[in-house]
Amino acid sequence: MTEITTPEDLVTDNHELMMRNRRHGVLAPKVAEERWQALHAVVGEMERLTELYYERAEAAEDARLEAVAANARAADSGKAFPAGLGSKVQDAELAVDGTLAAFRGTLPRLHAARRAYDALFDDRAFVAEYREVVSAQFLERREAAVEAFKTLDAEIFALAELYTLLGDFTLNHLLHDALADIEFNGEPVTDGNVFTENHSSWPSPKLSEALSEVRRYVLNDDPIKGGTLLTEDLSAITDALPGLAEQRYEKWQEDLAKERMQMVHASPYGSYSH
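The following refers to the structure shown. (Residues numbered from 1 in each chain as written. Predicted model: local features only at pLDDT ≥ 70, side-chain atom pairs only at ≥ 80, totals over all residues. Heavy atoms only, no water.)

Turning next to a nonpolar patch on the surface. Together, Ile182, Phe184, Val194 and Phe195 give the surface a local cluster of nonpolar side chains, amounting to about 360 Å² of exposed area. Note that Phe195 resides in helix H7 (residues 193–196). (Patch = residues over 30% accessible without salt bridge, like charges linked within 9 Å, V, L, I, M, F, W, Y side chains within 5 Å. Areas by Shrake-Rupley, 256 points an atom, 1.4 Å probe, with all protein chains shown as cover. Salt bridge = Lys/Arg side-chain N within 4 Å of Asp/Glu carboxyl O. Helix = DSSP H or I, 4+ residues; strand = E, 2+ residues; numbered from the N terminus.)

This brings us to the environment of Asp191. Relative to the helices and strands, Asp191 is located in the loop between strand S2 (187–188) and H7. For Asp191, a relative accessible area of 32% corresponds to the partly exposed category. Between the C-alpha atoms of Asp191 and Asn172, which are 19 residues apart in sequence, the distance is 6.2 Å. (Buried < 20%, exposed > 50% of the residue type's maximum accessible area, 1.4 Å probe, protein only.)

By the definition in use, this model includes 11 salt bridges. For Glu33, the salt bridge identified is with Arg22, shortest N-O distance 3.3 Å. Separated by 11 residues along the polypeptide, Glu33 in helix H3 (residues 30–77) and Arg22 in the loop between helix H2 (13–20) and H3 bring together distant segments of the chain. By relative accessible area, which is 38% here, Arg22 ends up partly exposed. Across the pair Glu213 and Arg216 runs a salt bridge whose closest N-O atoms are separated by 3.0 Å. One end of the pair is Glu213 and the other is Arg216, both in helix H8 (residues 205–218) and 3 residues apart, which spans about a single turn. One salt-bridge network, held together by shared partners, links Arg23, Arg114 and Asp118.

Met19, Met46, Phe103 and Leu110 are the most contacted members of the largest nonpolar core, which has 21 residues in total. Secondary structure elements with two or more residues in this core: H2, H3 and helix H4 (85–119). The biggest single contributor to this core is H3, with 9 residues. Contact partners of Leu110, with chain neighbours within four places excluded, come to His15, Met18, Met19, Leu39, Val42, Val43 and Met46. In terms of nonpolar packing, the next biggest core, distinct from the first, is built from 8 residues, Ala28, Leu120, Phe121 and Phe126 among them. (Core = buried A, V, L, I, M, F, W, Y, C linked by side-chain atoms within 4.5 Å. Contact = heavy atoms within 4.5 Å.)

Before going further, it helps to examine the layout of surface pockets. In this model, the largest pocket occupies a volume close to 390 Å³. Lining the largest pocket are 14 residues, and of these Ile4, Tyr53, Ala60, Glu93 and Val96 lie nearest its centre. At the level of secondary structure, the elements contributing two or more residues to the lining of the largest pocket comprise H3 and H4. The element that contributes the greatest number of residues to the lining of the largest pocket is H3, accounting for 6 residues. Looking at the lining of the largest pocket residue by residue, the class counts come to 8 nonpolar, 2 polar and 4 charged. (1 Å grid on protein atoms, 1.4 Å probe; cavity = no way out; pocket = protein on both sides within 12 Å on 5 of 7 lines; lining within 4 Å. Points joined across faces, edges and corners; volume = space filled by probe spheres on them. Nonpolar A, V, L, I, M, F, W, Y, C, P; charged D, E, K, R; others polar.)

Here is the structure:
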């Protein structure tokens, strides 16, 4: 029996990537969305032909089964096979083959549409226009993020102090006598910190450490890591890169030296440094 080829058999992982891999966002120049929509017009045609293929394949199978049944009845009765059923089956099978051929023809169009879309990102004028909009948006959002974090940072620090005072005044001063009537681990509660322990509340060291880690990223004044240099004029960036490369190399050397020193002082009980 001949193996049946379906539209899905013709679509490779690469085709799937072409259909799904969107490289632009809402800030992109209009032409990017136009070419993406042109690509998806081809995808839409592929989906239409796939649906049509299965409709016609079902009709062809119904026609084949009808012809098989008619042949069986003719053989059983000794009568002639009904005229026209054979051509009906053939026409139905040709419709399926034609639909599959039409689907196959969309694949080169998909490749062409994808090449036209990807070509934009090799076009300096397109990339420069896109970058200009992205730069402005980045600076605006970066400023908003920095200010929001500074406010959050200060508020959490203040909340940690206030929470500690609030817990102490409420539980250890005003409700001290009530605590004595409560047992914790078989003993009367003598310290309200049993309830306000700071491992999971505002004064938590973990919260402070987390803020410190975020602070290193959000308030980073490195021109590249902070992102500000990336928004400058290209000539300014070009002038700054050699110095930044030297700084990066020096930092890499320092880190490498520290790593080697730790290896030198390693022992079966762990490493130590001076």
